[in-house]
Amino acid sequence: MEQMLSKWQPAVLSLFRFIIGLLLFQYGVAKIFKFPVIPYFANIPPLIYTAGMIELVLGALLMVGLLTRPVAFILSGQMAFAYFLGHMFKTGEPVWLPLLNNGTAAIAFCFSCLYLATAGGGPISLDALLRKKS
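This text gives an overview of the structure that appears in the document. (Residues numbered from 1 in each chain as written. Predicted model: local features only at pLDDT ≥ 70, side-chain atom pairs only at ≥ 80, totals over all residues. Heavy atoms only, no water.)

## Notes on the side chain of S125
- Mapping S125 onto the fold places it in the loop between α6 (104-119) and α7 (126-133).
- Side-chain polar atoms of S125 contact the backbone oxygen of G122, separated by 2.9 Å.
- Excluding residues within four positions of it along the chain, S125 makes contact with R17, V64 and G65. (Helix = DSSP H or I, 4+ residues; strand = E, 2+ residues; numbered from the N terminus. Polar contact = N/O pair within 3.5 Å; in protein donor to acceptor, adjacent residues only side chain to side chain. Contact = heavy atoms within 4.5 Å.)

## What about helix α2 (residues 9-33)?
- For α2, with 25 residues, the first-to-last C-alpha span of 35 Å sits near the 36 Å given by 1.5 Å per residue.
- Those residues of α2 lying buried are L13, S14, R17, I20, G21, L24, G28, V29, A30, K31 and I32.
- Buried residues belonging to α2 abut α3 (46-64), α4 (68-88) and α6.
- One or two residues past the end of α2 sits K34, with phi positive at roughly 55 degrees. (Expected span 1.5 Å × (residues − 1). Buried < 20%, exposed > 50% of the residue type's maximum accessible area, 1.4 Å probe, protein only.)

## Brief notes about the pattern of salt bridges
- For the coordinates displayed, the defined rule picks out 1 salt bridge.
- Between K31 and E55 there is a salt bridge whose closest N-O contact spans 2.9 Å. Pair noted here: K31 is in helix α2 and E55 is in helix α3, with a separation of 24 residues, a long-range link. Both residues of the pair, K31 and E55, count as buried. (Salt bridge = Lys/Arg side-chain N within 4 Å of Asp/Glu carboxyl O.)

As structure tokens, this is what we get:
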């Protein structure tokens, strides 16, 4: 089983990178362009607007696999920051359990991006294409 599945690992890494980028990109689109209309993102403060810009731009870079490692590292840090500031300490008092503070997605994005920062973008990426040309 391991031999059968391991041959697909590079392609699945590229797919994983694309999907994580797409999911972050959609948050940026919702926060910045208000599409789709989500009441939670109706009147966002400047910090959430800045987070949306980062998710929009860096999510797009992650989707195409350009500068994957530094982009994923920055996004991992942003998601850690989002968890602690936006979820864990949202009420002032720390709420540790992600199920209770709605921080599960932030944690999953944080560690997904941390993995991508170490693994790279995979063979189906602009990074790989640029490496081949040089």
